[in-house]
Amino acid sequence: MKMTSKFQAEEDYFQEESNLTDWRPKKRLGQNFLIDIAMAMNVASAIDLKGLKILEIGAGSGQITQYLCEYAKKGKVTALEIDKQLVEELKKKFGKNKNLLIKDTDALKFDFNGYDAIFGNLPYYISTPILFKILESDCKSAVLMVQEEFGKRLVATKGDSDFSRLTVSIQSVFQTEIIDYVPAESFDPAPKVASVVVKLLRKPENQQVKINSKLLRMAFCHKNKTLLNSLLSSRKELKKNREEIRNIAQKHLSEWKDVKIRQLSLEDWSNISKKYPLTS
Ligand code: SAH
């Protein structure tokens with residue numbers, strides 16, 4: 001018995017040692033840590049956090065987390081981190097912090113409902129699904145550090161090359177704004193591209209628009225086609241033949257049928273969604 005526990009203790013010791021010495025940032029988890037403290041403070045102060053329930057995605061070693069906790073005062077911060085080694089580090093560093101809950105969790109499997117604000121220096125590989133999860137949640141705001149090209153998609157307007165399905169979906173619910181540019185050298189290891197900080201604020205109910213998400217998804221598979229041609233190309237998924245689609249376009253969508261998908265604005269999509277007959 002004694003021997004086993006001694007070996008166990010030794011193993012634990014070496015395990016801990018090796019955690020420190022073998023530590024390498026994991027590229028596949030998008031581990032680019034923010035080393036610019038002023039930027040971490042900027043991100044955390046982008047909205048008034050006092051008393052809020054905050055969710056942080058991918059806390060890393062807590063660069064942003066510490067300011068979220070500080071600025072939230074009596075609010076609560078829940079920090080998600082998928083990398084167990086980092087979770088241990090976070091617990092050591094912030095274990096005594098009363099307004100922080102550290103969760104060893106995959107953000108993609110976590111329920112985002114019930115938080116006022118969502119923060120994160122997002123790994124690129126999960127940026128799109130995270131944005132769609134934010135969209136489906138009841139959060140009022142989000143401040144996200146993302147790759148520049150991704151951030152541009154969130155703030156694009158019709159006609160921009162970055163204008164996408166994600167743009168329309170997010171802007172149907174949130175007001176979006178780039179509030180900071182973050183050079184690659186602000187991270188360790190430095191990624192290949194620059195990042196931006198994007199702020200999302202939920203629009204008042206009467207300014208939000210309902211979009212037919214199925215129609216939107218199909219249309220953006222052919223974003224350089226006109227609305228009519230993109231619907232014709234999606235006829236299988238729409239379960240309609242050419243004739244039926246032409247009739248719908250003529251009868252309900254004549255205003256937009258000859259406009260290219262990437263030239264349709266958020267308002268156009270709202271109107272198209274209202275007028276596209278769901279049952280015919
Ligand atoms: N917030 C820190 C770390 C950013 S790097 C900073 O700004 O420095 C991105 C972090 O997200 C990494 O720590 C990575 O391990 C974590 N991560 C990656 N995929 C994740 C997932 N699916 N769920 C939760 N965390 C994830």
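Residues numbered from 1 in each chain as written. Predicted model: local features only at pLDDT ≥ 70, side-chain atom pairs only at ≥ 80, totals over all residues. Heavy atoms only, no water.

A. Inspection of the overall build of the chain at higher detail. Along its length, the chain carries twelve helices and nine strands. A principal-axis box enclosing the C-alpha atoms of the chain has dimensions of 80 × 40 × 35 Å. Going through the 280 residues of the chain one by one, you find that 46% of them count as buried. Taking the intrachain contacts of the chain between residues at least 6 apart in sequence as the baseline, contacts between residues at least 24 apart amount to 63%. Roughly 15400 Å² of accessible area belongs to the chain as shown, and the carbon and sulfur atoms make up 51% of that amount. Side-chain charges in the chain split into 46 positive and 36 negative, and the spacing between the mean points of these groups amounts to 7 Å. (Helix = DSSP H or I, 4+ residues; strand = E, 2+ residues; numbered from the N terminus. Buried < 20%, exposed > 50% of the residue type's maximum accessible area, 1.4 Å probe, protein only. Contact = heavy atoms within 4.5 Å. Areas by Shrake-Rupley, 256 points an atom, 1.4 Å probe, with all protein chains shown as cover. Lys, Arg positive; Asp, Glu negative; His and termini not counted. Charge placed at Lys NZ, Arg CZ, Asp CG, Glu CD.)

B. Highlighting the domain arrangement of the chain. When cut into domains, the chain gives domain 1 (13–207) and domain 2 (213–279). On the domain 2 side, the residues contacting the eleven residues of domain 1 number ten residues. Around 900 Å² of area is buried between domain 1 and domain 2 when both sides are counted, 67% of it from carbon and sulfur atoms. Ranking the residues of domain 1 by area buried against domain 2 places Phe163, Arg165 and Val168 at the top, with a combined share of 53%. (Domains from an automatic or database assignment. Buried area = accessible area lost by both parts, 1.4 Å probe.)

C. Representation of a positive patch on the surface. A grouping of Arg165, Lys214, Arg217 and Lys239 is seen on the molecular surface, where their side chains present a positively charged patch. Turning to its location among the elements, arginine 165 is positioned in helix H7 (residues 165–171). (Patch = residues over 30% accessible without salt bridge, like charges linked within 9 Å, V, L, I, M, F, W, Y side chains within 5 Å. Salt bridge = Lys/Arg side-chain N within 4 Å of Asp/Glu carboxyl O.)

D. Seen up close, the pattern of salt bridges. Across all of its chains, the model carries six salt bridges by this definition. Note that aspartate 48 is salt-bridged to lysine 50, the shortest N-O span being 3.8 Å. In this pair, the class of aspartate 48 matches that of lysine 50, namely exposed. With a closest N to O distance of 2.9 Å, lysine 140 and aspartate 116 form a salt bridge. Of this pair, lysine 140 sits in the loop between helix H5 (127–136) and strand S6 (141–147) while aspartate 116 sits in the loop between strand S4 (100–104) and strand S5 (117–121); the two residues are 24 residues apart in sequence, bridging distant segments of the chain. With a relative accessible area of 48%, lysine 140 lands in the partly exposed category.

E. Here's a closer look at the site of the ligand. In the vicinity of the ligand lie 23 residues, with Leu34, Glu81, Asp106, Ala107 and Tyr125 positioned nearest. In the environment of the ligand, an oxygen atom lies 2.8 Å from a nitrogen or oxygen atom belonging to the backbone of leucine 34. Measuring from a nitrogen atom of the ligand, one finds a backbone N or O atom of glycine 58 at 2.9 Å. For the ligand, the accessible surface in isolation is 570 Å², of which the surrounding protein chains cover 100%. Grouping the constituent residues of the shell around the ligand by class yields eleven nonpolar, eight polar and four charged. (Near = heavy atom within 4 Å. Polar contact = N/O pair within 3.5 Å; in protein donor to acceptor, adjacent residues only side chain to side chain. Nonpolar A, V, L, I, M, F, W, Y, C, P; charged D, E, K, R; others polar.)

F. Up close: the packing of aromatic side chains. Taken as a whole and judged by the stated rule, the model has five aromatic pairs. Plain terms: the ring middles of tyrosine 67 and tyrosine 71 are 6.1 Å apart, the flat faces sit at 35° to each other, and that makes the pair tilted. Highlighted residues: tyrosine 67 and tyrosine 71, both in helix H3 (residues 65–72), separated by four residues, approximately one helical turn. According to the relative accessible area criterion, tyrosine 67 is buried, its value standing at 10%. Of the residues examined, tyrosine 71 reaches a relative accessible area of 23% and is grouped as partly exposed. (Phe/Tyr/Trp six-rings, centres within 6.5 Å; stacked < 30°, edge-to-face > 60°.)

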